[in-house]
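If you want the building blocks of each chain, they are given just below.
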Amino acid sequence: MDFDYSLYLVTNRDCLPDGITYEESLEQALKGGVTIVQVREKSADTGEFLEIARATKRICDKYNVPLIIDDRIDIALAVGADGVHLGQTDMPLEVARKLLPANVIIGISCRTSEEVKRAVAGGADYIGIGTIYATSTKVVKTPLVGPRNIGEILAALDDTSVKSVAIGGIKSTNAVRTLFGSITASGKSLDGLAVISDIVASREPLIAAKRLKDSVSHFKASRTRFSLGDYTTESLKGSVGKALKYVRQLSPLVHQITNTVVTTQSANATIALGASPIMATSPEEMEDLAKIPGGLLINFGTLTSLEGMIAAGQYANQNKKPIIFDPVGVGATSFRKLKAAELLNAWQATVIKGNPAEIGALSNSSEVQSKGVDSAGSGFADPASVVRALALRERCVVGMTGEVDWVSDGKHVARLANGHSLLGHITGSGCMVGTSVATFCGALSVAEKKVSLNPLADGDMFVATIAGISAVAVASEIAALRPDVQGPGTFLPALIDELSKLTPEVLSEKVNVEIVS
Ligand code: 3NM
């Protein structure tokens, strides 16, 4: 049976807010886009369970949505349900299969690859992978799966037609992250998301369901494309200039949560490029800020306001606003590594920008070592492969800056060779590059609104990243040649001047970019 698993609602009468009945909530959820419903009654007597199942069936039939019954085969048979859902300790799959008519589907909860393999062998039609995130809806004694491990578990479904949903703590804020985390090496991904509280506990179940459904639909429509496809060195030169035109014309809002060392400098660089900076850090204002189109930079150089970083990223994902993550010094301490993982589990980055040590640390490579926040190593033997592999693993664009910069969308790799050595003699030049990338990503996501590329952001984020890196690099070359520049002290204001004077034509002409694959 080919059901649509996109938005799988599990019922729970205990979660209903005061004043909303079970039937009202269910009907609103179905109107909002729920595609399949499971009745889950852990404490009801048989008679009460049957009554609830019958009422649910009537409403589901009205919306032509299939009905699954949790655990109870007898209830499923009695109401003519479309399927049964089993836990690992419920009736064995093989036994349930024998008791049920062939057209009744069976789903089973799994948390490991081994459980998935057993489910496949036993003839399951779908699996529910969980528990993904902490949830107060169900007492869970097993370790959380986390979004970045879903893909590995899901890989056990390769070469099968068994469907999958994820469950446990899934909300509209982490829906995009969950879906992206599920993509396997072979390109498989979740068929849908299963939720209780995000819909059932809501006072507006229709809106709650619609938000989730939109995230799943965007994801399914264009899962893995980050860039527009085929590039040549010539086409990139033109695109980079055009991107600067967009920055100047649209002046996007660039929301930056950055470190205390560079805040003023980064805000000035944003203005110089032609955009508007806002340096807000309080979690309470993130939902409102995410609704304003533009870019979001998350730079965790001084690791304050982690809560704000999590909220900002989650709301940005929900609003298709590009997130540029600058994991400053991530290789320097295990604490930073842990926090970077926490952030990358909380939201899906659109671009990760770092120096070789930072990119090495995120790639779990020891080839380039970290010293403080500066990269001490000379670089990777094969930098193109490093950025491509990380872009593929994190499903985002990766920009690695250094004497030569490397950018990949997981498919293409571009090599950039601009920049002056004085950049290495002022603090925060790497952070300024992150700001510039966020500015260009923000501009292109607004300019190319109709070019739907991926669920994370509209616009060509590969081009935006190249443009962001090269704008600072080209401006630094021009600034360093000015007669008034005597050293690092005079270089910094000259750099800000040259960023503001940079024209699309000069950027296109001077950018030293090459597509290497
Ligand atoms: N099963 P919420 S977690 C019913 O891990 C259920 O198998 C889980 O509720 C599992 O969406 C869970 O409110 C509760 O977190 C899901």
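What you see is a predicted model; the values in this text were computed from it and never measured.

K.L.:
So, the layout of surface pockets: which residues are in play, and what are the values?
P.N.:
Over the atoms a probe the size of a water molecule is rolled, and this reveals where empty space is left. One number sums up the size of the second largest pocket: a volume of about 880 Å³. Looking at which element gives the most residues to the lining of the second largest pocket, the answer is strand β6 (residues 126-129), with three residues. The residue makeup of the lining of the second largest pocket, split by class, is 13 nonpolar, 15 polar and ten charged.

K.L.:
So, the site of the ligand: which residues are in play, and what are the values?
P.N.:
Close to the ligand lie Arg40, Gly130, Thr131, Thr135, Thr137, Lys138, Ile167, Gly168, Gly169, Val195, Ile196 and Ser197. Ile196 places a main-chain nitrogen or oxygen 2.8 Å from an oxygen atom of the ligand. Within the complex, 95% of the 420 Å² of free accessible area of the ligand lies under protein. Its residues placed into classes, the shell around the ligand shows three nonpolar, seven polar and two charged.

K.L.:
Any chance you could break down the side chain of Ser25 for me, citing the residues and the numbers?
P.N.:
Structurally, the position occupied by Ser25 is in helix α1 (residues 22-32). The class of Ser25 is buried, set by a relative accessible area of 5%. Residues within four places of Ser25 in sequence aside, it is in contact with Leu16, Ile20, Val200 and Pro205.

K.L.:
How would you sum up the pattern of salt bridges? Please name residues and give values.
P.N.:
What the rule picks out here adds up to 16 salt bridges. Arg13 is the partner of Glu48 in a salt bridge, and the nearest nitrogen-oxygen pair spans 3.1 Å. Within this pair, whereas Glu48 is found in helix α2 (residues 46-62), its partner Arg13 is found in the loop between β1 (7-10) and α1, the two being separated by 35 residues in sequence. Judged by relative accessible area, which is 36%, Glu48 ranks as partly exposed. One salt-bridge network, held together by shared partners, links Arg482, Asp484, Asp497, Glu498 and Lys501.

K.L.:
Residues and numbers for the UniProt feature "domain: Thiamine phosphate synthase/TenI" (unreviewed entry) in the chain, please.
P.N.:
With numbering matched to this structure, UniProt assigns "domain: Thiamine phosphate synthase/TenI" (unreviewed entry) to residues 7-199. Between the C-alpha atoms that bound residues 7-199 the distance is 11 Å, and the span itself is 34% helix and 18% strand.

K.L.:
Can you lay out the environment of Arg58 for me, pointing to particular residues and giving the numbers?
P.N.:
Considering the arrangement of structural elements, one finds Arg58 in helix α2. Since its relative accessible area comes to 58%, Arg58 is described here as exposed. On a C-alpha basis, the gap between Arg58 and Val79 in space is 9.8 Å, while along the polypeptide they are 21 residues apart.

K.L.:
Lay out the sheet that holds strand β9 (residues 253-257) with the relevant residues and their values.
P.N.:
In spatial order, the strands read β10-β9-β11-β12-β13-β16-β17-β18-β19; together these nine strands make up an open sheet with mixed pairing. Lying at the two open borders of the sheet, with one neighbouring strand each, are β10 (276-278) and β19 (513-515). For this sheet, the mean angle separating the axes of adjacent strands, direction not counted, is 20°. The sheet contact formed by strand β13 (residues 351-354) and strand β16 (residues 397-400) spans four bridges and is parallel. Residue pairing in the sheet places Lys353 in a bridge with Gly399 of β16. Sheet contacts for helix α11 (residues 263-273): β9 and β10; angle to β10, the most-contacted strand, approximately 155°. Sheet contacts for helix α13 (residues 306-318): β9, β11 (294-299) and β12 (323-326); angle to β11, the most-contacted strand, approximately 150°.

K.L.:
Please give an account of the packing of aromatic side chains that cites residues and values.
P.N.:
Tallying each qualifying case throughout the model produces six aromatic pairs. With a centroid separation of 5.6 Å and 55° between ring planes, the pair formed by Tyr8 and Tyr126 is classed as tilted. A residue pair is termed long-range when its members are at least 10 positions apart, and Tyr8 in strand β1 and Tyr126 in strand β6 qualify at 118 residues. Judged by relative accessible area, Tyr8 falls into the buried class, the value being 1%. Residues Tyr231 and Phe462 carry aromatic rings whose centres are separated by 5.0 Å and whose planes lie at 55° to one another, so their mutual orientation is tilted. One end of the pair, Tyr231, is in the loop between α9 (205-221) and α10 (233-250); the other, Phe462, is in helix α18 (residues 461-480), with 231 residues separating them in the sequence. The pair Tyr231 / Phe462 is uniform in exposure class, with both members buried. Here the aromatic cluster, defined as three or more aromatic residues joined through ring pairs, consists of Tyr5, Tyr8 and Tyr126.

K.L.:
So, the nonpolar core: which residues are in play, and what are the values?
P.N.:
Within the largest apolar cluster, 76 residues are counted, with the highest numbers of intra-cluster contacts made by Tyr8, Val34, Ile69, Ile127 and Ile199. Ignoring anything within four residues of it in the chain, the contact list for Ile199 reads Leu7, Leu9, Ala29, Val34, Pro205, Ala208, Ala209 and Leu212. One finds Ala275, Ala471, Ala475 and Leu495 within the second-largest nonpolar core, a separate group that totals 53 residues.

K.L.:
Residues and numbers for a negative patch on the surface, please.
P.N.:
Together, Glu284, Glu285, Glu287, Asp288 and Glu307 make up a negatively charged patch on the protein surface. Topologically, Glu287 is positioned in helix α12 (residues 286-290).

K.L.:
An account of the domain arrangement of the chain is needed here, citing residue identities and associated values.
P.N.:
Its domain assignment divides the chain into domain 1 (7-221) and domain 2 (233-515). Taken together, the contact between domain 1 and domain 2 spans 14 residues of the former and 16 residues of the latter. Regarding the contact of domain 1 and domain 2, the summed buried area is about 1400 Å², with carbon and sulfur atoms giving 55% of it. On the domain 1 side of the contact with domain 2, Arg148, Thr173 and Arg177 bury the most area, a combined 44% of that side's loss.

K.L.:
Pulling in residues and values, what's your account of α10?
P.N.:
Taking 1.5 Å per residue as the helical rise, α10 with its 18 residues ought to reach 26 Å, and the 26 Å between its terminal C-alpha atoms agrees with that figure. Of all the residues in α10, the buried ones are Leu236, Lys237, Val240, Gly241, Ala243, Leu244 and Val247. Across the axial projection of α10, the buried residues extend over an arc of 150°, all falling on one side. For α10, the exposed residues lying more than 90 degrees away from the buried face are Glu234 and Gln249. Tucked into the core, α10 has its buried residues touching α11, α17 (429-447), α18, α20 (504-510) and β19. Following α10 by one or two positions, Ser251 has its phi on the positive side, about 40°.

About the cut-offs
- As a convention, each chain's residues are numbered from 1 in the sequence order in which they are written.
- Local features in this predicted model are restricted to residues whose pLDDT is 70 or higher, and side-chain atom pairs enter the listing and the counts only when it is 80 or higher, whereas totals over whole chains, interfaces and linings include all residues.
- As a rule here, side-chain values come from all non-hydrogen atoms in the structure, and water together with hydrogens is ignored.
- Detection works on a 1 Å grid of protein atoms alone, calling trapped sets that fit a 1.4 Å probe cavities and calling open sets with protein on both sides within 12 Å along at least five of seven lines pockets, with lining residues defined by an atom within 4 Å of a point.
- Grid points are joined across faces, edges and corners, and a volume is the space filled by probe spheres set on the points.
- Each helix corresponds to a stretch of at least 4 residues labelled H or I by DSSP, and each strand to a stretch of at least 2 residues labelled E; elements are numbered beginning at the N terminus.
- Under the scheme applied, nonpolar residues are Ala, Val, Leu, Ile, Met, Phe, Trp, Tyr, Cys and Pro; charged residues are Asp, Glu, Lys and Arg; polar residues are all the others, including Gly.
- When we say a residue is near a molecule or strand, we mean one of its heavy atoms is within 4 Å of it.
- A 3.5 Å cut-off defines polar contacts: any pair of N or O atoms within that distance qualifies, except that in protein one atom must be a possible hydrogen donor and the other a possible acceptor, and neighbouring residues in sequence count only when both atoms are side-chain atoms.
- Exposure was quantified through the Shrake-Rupley algorithm and a 1.4 Å probe, taking into account, for residues, occlusion by the shown protein chains and nothing else.
- Classification of residues uses two cut-offs on accessible area relative to the type maximum, computed with a 1.4 Å probe and protein chains only: under 20% is buried, over 50% is exposed, and between them is partly exposed.
- Note on definitions: a residue-residue contact is assigned when non-hydrogen atoms from the two residues lie within 4.5 Å.
- Take a side-chain nitrogen of Lys or Arg and a carboxyl oxygen of Asp or Glu: if they are within 4 Å of each other, that pair is a salt bridge.
- UniProt positions are given in the numbering used here, feature names are shortened, and annotations may be inferred rather than shown by experiment.
- Strand pairing is assigned whenever DSSP identifies at least 2 bridges connecting the two strands.
- Simply put, an axis is a line fit to the C-alpha atoms, just over the touching stretch for a helix, and the angle between two N-to-C directions goes from 0 to 180 degrees.
- When the centres of two rings from Phe, Tyr and Trp lie within 6.5 Å, Trp using its six-membered ring, the rings pair. Their planes under 30 degrees apart give stacked, over 60 give edge-to-face, and anything left gives tilted.
- Here, nonpolar core means buried Ala, Val, Leu, Ile, Met, Phe, Trp, Tyr and Cys residues that are tied together by side-chain atoms lying within 4.5 Å of each other.
- Exposure above 30% relative accessible area and no salt bridge define the residues that can form patches, which grow by joining like charges within 9 Å and nonpolar side chains of Val, Leu, Ile, Met, Phe, Trp and Tyr within 5 Å.
- Working convention for charge: Lys and Arg count positive, Asp and Glu count negative, and His plus the chain ends are omitted.
- Note that the charge is assigned to NZ on lysines, CZ on arginines, CG on aspartates and CD on glutamates.
- Here the limits of each domain have been adopted from an automatic or database domain assignment.
- Put simply, buried area is how much 1.4 Å-probe accessible surface two parts lose in total, over both of them, once they are put together.
- To estimate the expected span of a helix, subtract one from its residue number and multiply by 1.5 Å.
- Think of it as the arc spanned by the lines of direction from the helix axis to the C-beta atoms.

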